[in-house]
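# Fold and geometry: a report
So the chains spell out like this:
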Protein chains: 2
Amino acid sequence: MAPAWTPLAGPSHTIALEVLVHGPLSRATLARRLDLSAGSLSRLTKPLLDRGLLVELDETRAPESGIGRPERPLDVVAESHHFVGIKLTGSEAYGVTTTLRAEVVAAETVPLLDPDPRAVVEVISGLVQRLASTVPVVTAVGVSIGGHAQDHRVVSAAPFLGWKDVALAEMVGAATGLPTLVENDLIALTEAESWFGAGTGLGQFAVVTLGAGVGFGLVVRGHQVTSPDFGLGLVGHVPLDPTGGVCFYGHRGCAAAMLTMESISSGVSVALGRRIGYDEALDLAAGGDPAARRVVDDSGRALGRLLALVANFTMPQRIVLSGEGNRLAVVARQAMEDALGSDRDPQALPVDIELRPGDFTQWARGAAVIAIQTYVLGRD
Amino acid sequence: MAPAWTPLAGPSHTIALEVLVHGPLSRATLARRLDLSAGSLSRLTKPLLDRGLLVELDETRAPESGIGRPERPLDVVAESHHFVGIKLTGSEAYGVTTTLRAEVVAAETVPLLDPDPRAVVEVISGLVQRLASTVPVVTAVGVSIGGHAQDHRVVSAAPFLGWKDVALAEMVGAATGLPTLVENDLIALTEAESWFGAGTGLGQFAVVTLGAGVGFGLVVRGHQVTSPDFGLGLVGHVPLDPTGGVCFYGHRGCAAAMLTMESISSGVSVALGRRIGYDEALDLAAGGDPAARRVVDDSGRALGRLLALVANFTMPQRIVLSGEGNRLAVVARQAMEDALGSDRDPQALPVDIELRPGDFTQWARGAAVIAIQTYVLGRD
DNA sequence: AGACTTAGTGTCGTACTACAAGTAAGTCGA
DNA sequence: TCGACTTACTTGTAGTACGACACTAAGTCT
């Protein structure tokens with residue numbers, strides 16, 4: 001009943017993956033894309049259709065030229081499997097249920113009152129159970145966290161929760177009875193963009209997130225670039241504005257000092273002499289308040305400089321701007337683009353910047369994508 | 001007589017490449033590295049040995065554990081083929097002859113008095129002929145240039161020579177009778193480090209060059225990262241020091257203003273009130289002259305910041321520091337390391353920086369590697 | 001209606017792979 | 001010194017998977 005991807009070998013697996021990520025595709029198109037003969041495609045897709053992993057759509061599509069026999073697109077049944085993704089912050093657990101294609105079908109948020117791992121697992125377990133009840137069966141659970149994860153199993157460090165070496169996957173798995181995987185939140189979000197988001201089919205793109213911190217993910221040739229240091233947030237303290245404020249590490253005008261939601265709202269608060277939240281700060285700037293405008297434009301310029309650095313060093317085809325604080329790019333768009341332009345070679349191609357919805361659903365969806373990937377690529 | 005690599009298919013080709021790049025390797029080691037059975041390796045290597053593409057070395061090596069039958073390493077005959085590499089600047093052509101393994105066996109430099117393409121081709125042609133006379137036969141010629149190259153054939157832009165859309169490969173090929181390939185100089189140098197230099201076997205590393213300009217190359221998963229903008233030298237104008245000088249584009253304290261040989265020597269010249277060359281400026285700084293020391297240390301700090309940006313954004317396993325001006329990293333080592341450290345997360349791993357001989361032979365060798373790659377990977 | 005174009009199916013020969021059995025060449029211990 | 005052991009390499013066999021090719025299917029264009 002549950003068509004398992006795990007025993008799929010070589011080209012069959014490649015075909016299934018291509019259809020999963022790049023939507024309905026005809027055999028002929030698959031043959032061209034994967035450099036296989038048409039004959040191989042007939043032979044290879046038959047068992048996949050028999051097992052129900054792929055289905056032949058009823059509709060037909062004319063070939064590119066318009067003439068010739070129409071194509072019969074093949075597709076995966078996105079609703080055949082469901083996954084749960086959980087994103088943990090220091091104070092909340094954000095959860096979603098998704099299909100095999102990472103389409104969100106349910107979402108729920110609960111507060112984390114006690115950072116103790118056992119208490120958090122308790123909360124996650126209840127959340128997973130409620131999210132699971134919206135679908136027939138959940139295949140796997142992904143949990144993402146700001147910090148360092150090892151082998152999809154252990155949270156080796158999570159500063160926001162004060163954790164070190166917590167075997168979170170095992171604990172959640174025991175509490176829910178579902179296979180569970182843990183991953184760094186930025187890696188998870190970047191994978192989601194790579195497989196099912198703004199990076200689909202690009203092969204080379206970057207992700208920048210704005211929120212409580214500043215995050216950066218990089219995909220080259222379809223694979224995410226990481227290092228043992230990844231979870232540390234290396235670009236979070238890149239110097240951007242020599243006249244800017246100071247972060248808690250003492251870096252003047254670094255990304256954390258210029259671009260986090262807290263730095264912007266506190267900058268506007270100081271300027272206006274009263275406590276102002278992030279969204280209110282952006283509203284004031286958009287509404288023409290000169291003090292708020294100045295703070296927000298400074299941040300916008302810093303953002304433009306950061307994006308220029310990303311573009312100059314990593315040469316992405318696109319930069320995806322996500323995170324719950326990415327509205328900055330809308331309100332301070334002119335300042336951002338000016339700074340971006342002046343730090344780029346005038347002959348260079350314009351940078352393709354894609355703004356993504358920055359809510360926490362995206363982060364939780366990223367966690368679900370880790371579960372999806374592990375399911376379709378095989379346990380590891 | 002000339003064992004051609006071109007008709008090699010699939011696994012045979014992979015084996016030959018692995019031996020070429022990673023030195024003498026036994027069949028057993030190859031089987032483990034390439035995930036093939038021992039039987040396949042026997043079968044696949046036999047025709048390669050018969051054709052003389054590989055040879056079995058006389059020496060034997062004990063296996064890792066020390067016991068068991070000794071290995072018989074296989075190797076390519078580096079001297080079976082030779083290649084010529086030419087690096088063009090605005091005023092000189094630097095040439096080398098190399099073996100199939102990019103070992104330099106001859107070198108020569110000639111001035112370029114006339115930037116007209118036909119005059120340059122004339123000079124190159126004579127240089128190639130003299131370099132070719134040092135070896136029995138030259139298989140191919142590579143030419144590298146600061147600028148943009150298309151399809152290994154056409155120089156679409158080369159600002160130092162004032163060229164646009166020059167069919168250089170065809171012109172040199174016609175003049176010398178040898179297959180000729182053109183490539184951007186940084187791409188060529190980075191490929192040389194990747195196959196036969198400090199990046200061999202790493203898979204993920206960066207190259208930074210100091211000289212007339214500041215260059216940057218990036219390799220991820222064994223493949224170089226490029227974009228249509230590559231030849232523009234995008235990192236050449238990254239801001240590094242808000243108190244630094246101004247480059248001719250008006251960027252304050254950018255890489256070009258802080259790190260080029262000309263910027264450093266003119267900085268010291270202004271401080272001392274007389275014209276001083278690059279090496280002399282570094283000598284003065286090393287000898288304790290306070291004014292030179294200040295200029296050179298400012299540049300060292302800027303270099304440290306640049307390397308930190310490279311490390312933070314691209315997460316390389318190593319940064320290779322090349323280019324004819326890279327002695328700055330030796331003379332201003334302390335300033336560079338201090339700046340590098342303060343722009344990195346204190347918990348991050350130290351950055352592995354490898355200093356390479358920075359003379360023009362390296363640039364010309366890079367051009368030869370483009371010829372080698374095209375020969376062993378097949379024409380493209 | 002027939003030529004043409006493209007999609008998809010079935011058959012066959014080839015090439016490559018793993019597996020297994022056997023040989024070669026060394027170390028180690030009694 | 002000899003046999004047990006380990007690892008490297010060779011050879012034979014059988015199965016698999018691919019592409020080439022011929023064919024059918026289903027449209028458009030003249």
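Residues numbered from 1 in each chain as written. Chains lettered and ligands numbered in written order. Predicted model: local features only at pLDDT ≥ 70, side-chain atom pairs only at ≥ 80, totals over all residues.

## Concerning the overall build of chain A
Summing up its helical and strand segments, chain A has 13 helices and 16 strands in all. Expected size for 380 residues packed as a compact globule is a radius of gyration near 21 Å; at 23 Å, chain A falls within 12% of this value. Overall, chain A is about 70 × 55 × 35 Å in size when its C-alpha atoms are taken along their principal axes. Looking at chain A as a whole, 50% of its 380 residues qualify as buried. Taking as baseline every contact in chain A between residues at least 6 positions apart, the subset at least 24 positions apart corresponds to 62%. (Helix = DSSP H or I, 4+ residues; strand = E, 2+ residues; numbered from the N terminus. Rg over C-alpha atoms; globule rule 2.2 N^0.38 Å. Buried ≥ 20, exposed ≤ 12 C-beta atoms within 10 Å, placed from the backbone. Contact = placed C-beta atoms within 7 Å.)

## Observations concerning the interface of chain A and chain B
Taken together, the contact between chain A and chain B spans 26 residues of the former and 26 residues of the latter. The class makeup of the residues in the side of chain A that touches chain B is 15 nonpolar, seven polar and four charged. (Nonpolar A, V, L, I, M, F, W, Y, C, P; charged D, E, K, R; others polar.)

## Quick notes on unusual backbone geometry
Residue and element names in this part refer to chain B. You will see that R221, though not glycine, has its phi angle at about 55°, which is positive. Topologically, R221 is positioned in the loop between β13 (214-220) and β14 (223-224). In this structure R221 comes out as exposed when scored by C-beta crowding, with 12 C-beta atoms within 10 Å. Even without being a glycine, M315 presents a positive backbone phi close to 50°.

## As for the relation of the copies chain A and chain B
Take chain A, turn it by 179°, move it 0.1 Å along the axis, and it overlays chain B with an RMSD of 0.1 Å. Overall, the copies show the geometry of a two-fold rotation axis. The share of interface residues of chain A whose copies in chain B are also at the interface is 100%, consistent with both copies meeting through the same surface. (Least-squares fit on C-alpha atoms with pLDDT ≥ 70 in both.)

## Remarks on the pairing of strand β4 (residues 82-88) of chain A
Residue and element names in this part refer to chain A. Burial within β4 is extensive, with seven of its seven residues counted as buried. Because side chains alternate across β4, one face comprises the buried residues H82, V84, I86 and L88, and the other comprises F83, G85 and K87, equally buried. Where β4 and strand β5 (residues 92-99) come together, seven bridges link them in antiparallel fashion. Among the inter-strand pairings, L88 is bridged to a residue of β5, identified as A93. The antiparallel hairpin formed by β4 and β5 contains three residues in its connecting segment. For β4 and strand β7 (residues 138-145), the ladder comprises seven bridges, and the chain directions are parallel. Bridge assignment links K87 to a residue of β7, and that residue is S144. (Pairing = 2+ DSSP bridges.)

## Describing the protein's contact with DNA strand C
The immediate surroundings of DNA strand C are formed by 28 residues, with G39, S42, G68 and R69 of chain A together with G39 of chain B found nearest. Breaking the surface near DNA strand C down by element, the ones donating at least two residues are α2 (27-34) and α3 (38-50) of chain A together with α1 (10-22) and α3 (38-50) of chain B. Here the surface near DNA strand C takes four residues from α3 of chain B, the largest share from any one element. (Near = placed C-beta within 6 Å.)

## Observations concerning the packing of helix α2 (residues 27-34) of chain B against α3 of chain B
Residue and element names in this part refer to chain B. Where α2 meets α3, the axes come as close as 9 Å, and the angle between the chain directions of the two elements is 115°. Classified by chirality, the crossing of α3 by α2 is right-handed. Here R27, A28, L30 and A31 of α2 come into contact with α3, specifically with A38, L41, S42 and T45. Across the contact of α2 with α3, the residue classes tally to five nonpolar, two polar and one charged. (Axes fitted to C-alpha atoms, helices over the stretch in contact; angles between N-to-C directions. Left-handed = near helix turned anticlockwise from the far one by under 90°.)

## Focus: the sheet that holds strand β14 (residues 223-224) of chain A
Residue and element names in this part refer to chain A. Strands sit in the order β14-β13-β12-β15-β16 across an open sheet of five strands; the sheet is mixed. The sheet is open, and its two edges are formed by β14 and β16 (353-355), each paired on a single side. Relative to strand β13 (residues 214-220), strand β12 (residues 204-210) is paired through seven bridges, and the arrangement is antiparallel. The partner of F205 across the bridge, within β13, is V219. Sitting on the sheet, helix α6 (residues 185-196) is in contact with β12, β13, β14 and β15 (319-322), with an inclination near 45° to β13.

## What about the protein's contact with DNA strand D?
Neighbouring residues of DNA strand D: 27 residues in total, closest G39 and R69 of chain A together with G39, G68 and R69 of chain B. Secondary-structure elements contributing two or more residues to the surface near DNA strand D are α1 (10-21) and α3 of chain A together with α2 and α3 of chain B. In the surface near DNA strand D, the residues fall into ten nonpolar, eleven polar and six charged.

## A look at the pairing of β12 of chain A
Residue and element names in this part refer to chain A. Counting buried positions over the seven residues of β12 gives six, a clear majority of the element. Counted between consecutive antiparallel strands, the loop separating β12 from β13 contains three residues. Sheet analysis places β12 next to β15, joined by four bridges and oriented parallel. Bridged to V208 within β15 is L321.

## With respect to the sheet that holds strand β6 (residues 104-111) of chain B
All names here are of chain B. In spatial order, the strands read β6-β5-β4-β7-β11; together these five strands make up an open sheet with mixed pairing. The sheet is open, and its two borders are formed by β6 and β11 (180-184), each paired with just one other strand. Neighbour to neighbour, the strand axes of the sheet diverge by 20° on average, direction disregarded. One ladder, built from seven bridges, connects strand β5 (residues 92-99) with β6; its direction is antiparallel. Considered in β6, the bridge of G95 is made with E108. Contacting β7 (138-145) and β11, helix α5 (residues 168-176) runs over the sheet at an angle of about 145° to β11. Helix α6 (residues 185-196) contacts β4 (82-88), β7 and β11 of the sheet and is inclined by roughly 100° relative to β11.

## Regarding the domain arrangement of chain A
Domain annotation for chain A reports domain 1 (10-76), domain 2 (81-191 + 361-377) and domain 3 (202-355). Distance between the C-alpha centres of domain 1 of chain A and domain 3 of chain A: 41 Å. (Domains from an automatic or database assignment.)

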